[in-house]
Amino acid sequence: MLHVFVGKSVVINVQTRMTRILASNPVVIETLATTPSQVVVEGKAAGTSSLILWDESGHSQMLDVIVDVDVSGLRTAIEHAFPREQVSVESDGGRVVLSGSVSDPRIIDELTKMAGLYSSQIVNALTVVEFHERQVLLEVKFAEIDRSRIDQLGVNIMSVGALNTIGSISTQQFGPPVGGVGATGGSAGGGGISGTGTAKGAFSLPDILSIFLFRPDLNLGATIKDLQTKSVLQILAEPNLLALSGQKASFLAGGEFPFPVVQGGQNIGVVTIQFRPFGVRLDFTGTIGKDDVIRLHVAPEVSALDFTNSITIAGFVVPALSTRRAETEIELKDGQAFGIAGLLDHRAQVQMNKIPGIADIPVLGQLFRSKSVNRSNTELLVLVSPHIVDPIRVAAPTPPLPKGPVPFLEVPKFDKNLPGGKNPRGASGPPAPK
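Treat the numbers as computed from the prediction; the structure is a model and nothing was measured. The residue numbering used here restarts from 1 in each chain and proceeds along that chain's sequence as written. Where totals are concerned, whole chains, interfaces and linings use all residues; where local detail is concerned, this predicted model gives features only for residues with pLDDT of at least 70, and gives and counts side-chain atom pairs only at 80 or more. Hydrogens and water are ignored here; the side-chain numbers use all heavy atoms of the structure.

Elements are defined by DSSP. Helices are runs of H or I of four residues or more, strands are runs of E of two residues or more, and each kind is numbered from the N terminus. From N to C terminus, the chain includes three helices and 26 strands. A 1.4 Å probe rolled over the protein chains alone gives each residue an accessible area, and that area as a share of the maximum for its type sets the label: buried under 20%, exposed over 50%, partly exposed in between. Going through the 434 residues of the chain one by one, you find that 30% of them count as buried.

With that settled, consider a nonpolar patch on the surface. Candidate patch residues must exceed 30% relative accessible area and have no salt bridge, after which like charges are joined if within 9 Å and Val, Leu, Ile, Met, Phe, Trp or Tyr side chains if within 5 Å. Accessible surface is estimated by sampling points in the Shrake-Rupley manner with a 1.4 Å probe; for residues, cover comes only from the protein chains shown. Any carboxyl oxygen of Asp or Glu within 4 Å of a side-chain nitrogen of Lys or Arg constitutes a salt bridge here. The grouping of Leu305, Phe307, Val317 and Leu321 at the surface amounts to a nonpolar patch, some 350 Å² of accessible area in total. Of all the elements in the fold, those that place two or more residues in the nonpolar patch are strand 22 (294–313) and strand 23 (316–325). You can see Phe307 is positioned in strand 22. Owing to a relative accessible area of 53%, Phe307 belongs among the exposed residues under this scheme.

This paragraph deals with the sheet that holds strand 8 (residues 86–92). Between any two strands, at least two bridges found by DSSP are needed for them to pair. Spatially, 8-9-10 is the arrangement adopted by the three strands of the open sheet, whose pairing is mixed. The open sheet has two free edges, formed respectively by strand 8 and strand 10 (121–128), since each of these has just one partner strand. Taken pair by pair, the neighbouring strands of this sheet meet at an average axis angle of 10 degrees, ignoring direction. Examined bridge by bridge, strand 9 (residues 95–102) and strand 10 share eight bridges and lie parallel to one another. Bridge pairing in strand 10 links Leu98 to Asn124. Where helix 2 (residues 105–115) meets the sheet, its contacts fall on strand 8, strand 9 and strand 10, and the angle it forms with strand 10 comes to roughly 160 degrees. Axes here mean lines fitted to C-alpha atoms, for a helix over just the part in contact, with angles spanning 0 to 180 degrees between N-to-C directions. Contacts are assigned to residue pairs with any non-hydrogen atoms lying within 4.5 Å of each other.

Attention now goes to the side chain of Asp55. Relative to the helices and strands, Asp55 is located in strand 6 (residues 47–55). For the charge count, each Lys or Arg is scored as positive and each Asp or Glu as negative, with His and the chain ends excluded. Buried and unpaired, Asp55 has Arg20 as its nearest opposite-charge partner, separated by 9.4 Å. Only 2.8 Å separates the side chain of Asp55 from the backbone nitrogen of His59, close enough to count as a polar contact. Throughout this description, a polar contact denotes any pair of N or O atoms lying within 3.5 Å of each other; where both atoms belong to protein, one of them has to be capable of donating a hydrogen while the other can accept it, and for residues adjacent in sequence the pair is counted only when both atoms sit in side chains.

Nonpolar cores are built from buried Ala, Val, Leu, Ile, Met, Phe, Trp, Tyr and Cys residues. Side-chain atoms within 4.5 Å join them into one set. Among the nonpolar cores identified, the biggest contains 26 residues, and Phe142, Leu282, Phe284, Leu296 and Val384 are the most heavily contacted of them. In this structure Phe284 touches Val136, Leu138, Leu241, Ala243, Gln247, Lys248, Ala249, Leu296, His297 and Val298, once residues within four positions along its chain are discounted. Listed in part, the 15 residues of the second largest apolar core include Leu74, Val96, Leu111 and Ala115.

What follows concerns the sheet that holds strand 2 (residues 9–13). Sheets are built from strands paired through backbone hydrogen bonds, the pairs being either parallel or antiparallel. Taken together, three strands build an open sheet; the order of strands is 2-5-4 and the sheet is antiparallel. With partners counted over all chains shown, the strands left at the sheet margins are strand 2 and strand 4 (29–35), one partner each. The sheet shows a mean angle of 25 degrees between the axes of neighbouring strands, taken without regard to direction. Bridge count between strand 4 and strand 5 (residues 38–43): six bridges; the pairing is antiparallel. From the neighbouring strand, Glu30 faces strand 5, where its bridge partner is Glu42.

This is the structure:
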């Protein structure tokens, strides 16, 4: 049996010299003898034919020739037009056979039109099966690296009865020592101050990292505080978002605040309320391409209410939004990760406290002043890792069963290690020490 495509040729070589060639259906095939032992068969139309060859001795040889439609071009066109459909194309004589499954009935009509260009006889064996898109799982971590630093320097001066007066003097930058004292002068002893009467006083400092000085003869004390505070990293949110390929997903951890809007036109002067979101927000769209390459459009945002730059509209105090936002589009493979950093927020706040008059004296006035400098330097870090999942076609692993409570003390082992003790099975432990 010999298979030939329409418009293609096949060369037949024989062992003996041929004297005559006959084609039973010359409409389907055409023959041409190039040499006495070689014949070229060309397919002209789809169908079947018989080819008979005679040699010099009079013996004959018959071949069945089937001419099929060449559907290689149709397969290529279908793969480019519908890459996600499971379609098989075969040729059977003059017929084109379409088989497989598609996700939409309209695709069957399109495939039938495409196959009609190759043959008028089309066998449609396509079935419609609901198509499930693979999904993109996005693992995101919002971290805020806080490089804030607070420097505090101040002196609290306290009098506990100098010159028969009762009271204390403080710059109030931080709390003074707290305690009770006698009504008259006294002497210091131990951890407190004892008066001449029966009353006794004991001091407690608001911060253990302070320096406390006291002169019992003058009943005058001072607390010196010079501290520096630093902050570290903080995880703001760790959302995991799952969305179909090509579909948008959003995440918001925060809230919404009312925002008054003054209307115009016929309703001029009327105030309506709209709500604006703030907090940790993420919008992303993941598309799965060829070779499982994930194209991501990611827009992370972190915002907070800022009342220092607020405005007043029709009696409503509307805060501003302190926002750090980024937006990018990248391509990653399954399991790869990328980070967005450099979203900085620099702020500095200085607070001064002093006693008027005496604090303005050169050199000596430093003892009656206190200063607090708050340098805020935060950086937002966003880590993103996409994964391709198919929960419909791939069975999810069986979740582990819940475990019972684990006892804090294993009785058999504990009893066995006791001197002279026995475990529940009756085995004796090591002998008791003598």
